[in-house]
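# Structural overview
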Amino acid sequence: MSARKTERLMNLLIMLLNARGYVTKQKLRESFPEYAAARTDEAFEKMFERDKDDLRALGVPIEVGSHDAYFEDEPGYRIPRREFELPPIQLEADEAAVCGLAARVWQHAGLADSTETALRKLAADGVETDRSAQALIAPQLDADEPSVELFMQAVSERRVVHFGYRKSPAAPREDRRLEPWRLVSYRGRWYVVGRDRDREAQRTFRIGRVTGEVELVGEPDAFSVPDVDTESMTRHLAADVPEREAVLRVREGRGVTLRRRAVAVEPDGDGWERVTVPLGRVSALVSEVARLGDQAVVLTPQDVRDALVQRLTAVAGGPR
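Treat the numbers as computed from the prediction; the structure is a model and nothing was measured.

The strands that make up a sheet pair up through hydrogen bonds in the backbone, lying either parallel or antiparallel. Read across the sheet, 4 strands follow the order 10-11-9-12 without closing on themselves; strand pairing throughout is antiparallel. Pairing within the sheet leaves two strands with one partner each, and these edge strands are strand 10 (264-269) and strand 12 (296-300). With strand direction ignored, the average angle separating the axes of adjacent strands in the sheet is 30°. Bridge analysis of strand 9 (residues 244-251) against strand 12 gives 4 bridges, and the strand direction is antiparallel. For Leu248, the partnering residue across the bridge sits in strand 12 and is Val298. Against the sheet, helix 11 (residues 282-290) contacts strand 9, strand 11 (272-279) and strand 12, and its axis sits at roughly 5° relative to strand 9. Its contacts with the sheet put helix 12 (residues 302-315) on strand 9, strand 11 and strand 12, and the angle it makes with strand 12 is roughly 145°.

Moving on to the side chain of Asp196. When you line up the elements, Asp196 lands in strand 6 (residues 189-196). At 3.0 Å, the side chain of Asp196 forms a polar contact with the backbone nitrogen of Asp198.

On to the pattern of salt bridges. Tallying each qualifying case throughout the model produces 21 salt bridges. Between Glu45 and Lys25 there is a salt bridge; the shortest N-O distance is 2.9 Å. Residue Glu45 is located in helix 4 (residues 41-57), and its partner Lys25 is located in helix 2 (residues 25-31); the two are separated by 20 residues in the primary sequence. For Lys25, a relative accessible area of 18% gives the class buried. A salt bridge links Arg159 to Glu157, with the nearest nitrogen and oxygen atoms 3.5 Å apart. Among the ionic contacts, a cluster of salt bridges with common partners joins Glu174, Arg176, Asp196 and Arg199.

With that settled, consider the packing of aromatic side chains. Going through the model one piece at a time under the given rule, you end up with 9 aromatic pairs. The interplanar angle of 75° and the centroid separation of 5.5 Å between the aromatic rings of Phe32 and Tyr35 together place this pair among those described as edge-to-face. Looking at Tyr35, the relative accessible area reads 0%, which means it is buried. Ring geometry for Phe44 and Phe48: centres 6.1 Å apart, planes at 20°, overall stacked.

Now for unusual backbone geometry. In this structure, the amide linkage connecting Thr300 to the following residue, Pro301, adopts the cis form with an omega of -5°. On the secondary structure map, Pro301 appears in the loop between strand 12 and helix 12. Look at Arg158: it is not a glycine, yet its phi comes out positive at around 55°. Relative to the elements of secondary structure, Arg158 occurs in the loop between helix 8 (148-157) and strand 4 (160-165). For Asp221, which is not glycine, the phi dihedral falls at a positive 55°. When its relative accessible area of 62% is taken as the criterion, Asp221 is described as exposed.

The rules we used
- Residues numbered from 1 in each chain as written.
- Predicted model: local features only at pLDDT ≥ 70, side-chain atom pairs only at ≥ 80, totals over all residues.
- Heavy atoms only, no water.
- Pairing = 2+ DSSP bridges.
- Helix = DSSP H or I, 4+ residues; strand = E, 2+ residues; numbered from the N terminus.
- Axes fitted to C-alpha atoms, helices over the stretch in contact; angles between N-to-C directions.
- Contact = heavy atoms within 4.5 Å.
- Polar contact = N/O pair within 3.5 Å; in protein donor to acceptor, adjacent residues only side chain to side chain.
- Salt bridge = Lys/Arg side-chain N within 4 Å of Asp/Glu carboxyl O.
- Buried < 20%, exposed > 50% of the residue type's maximum accessible area, 1.4 Å probe, protein only.
- Phe/Tyr/Trp six-rings, centres within 6.5 Å; stacked < 30°, edge-to-face > 60°.

In short, geometric facts, not functional conclusions.
Shown next as structure tokens:
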């Protein structure tokens, strides 16, 4: 499959997944440059049908339907999120490291230009979109902590790491020597799981609490990685309750992923709601709110609000 067609299929996947309702073929043709460039209706039909069949062959569930069952309006297409979501996946150490690196590339690359343009056209035509659905195919695994890449390398090469660590911001620094087995991203934070050589036991460390330089010690393949119960690790991390909460003002029906983890949702008048969410890493929440554009506003805390303003100002090209 050519790179051009691969990109077109990915863009079509993102568009149908983002759309809240059915998208007609005519709207798709107007939104995608390659579809719009088709010289005849027959050429467009053939291209679209091939793309649709290719996505279905890859296991993507494409649903055909209309907005009103009582009227014979033009049928449209969408990808039902409930059928597209994947079950939990177990990865080996080297597989998890590679997926983590790939996720970082995707996170910084963002949407392709053609997809972004197409989504804008759909919105202009009155088709409601939900960009939070992109999280199903673009894993949001930010890695702002500078030591994440070194831990990834250590997991992949099976090398011992030496680092300083604080159990809490006020706790004293401790030296740790770890055989890293897995990296886990949970609630916007990165964790490394492995065998603590000094304590001769399995330990989990939050990478955001690592202090100073992370040092790779010894040669590769210095240890074997045992089978690790990922679900048990997740249950252990669930006890790590965020220390703060953020209060947002969100348009009704928007910010699906924010609402899923909200601890409170209250009416706030004029089509808005006040949504309170646990606050993990500030940059992760800022990225999520920024993607909602003018559909969400941070009310508190002030440092998150300031970070969002700074992010949006940078995207807009700075003060004018």
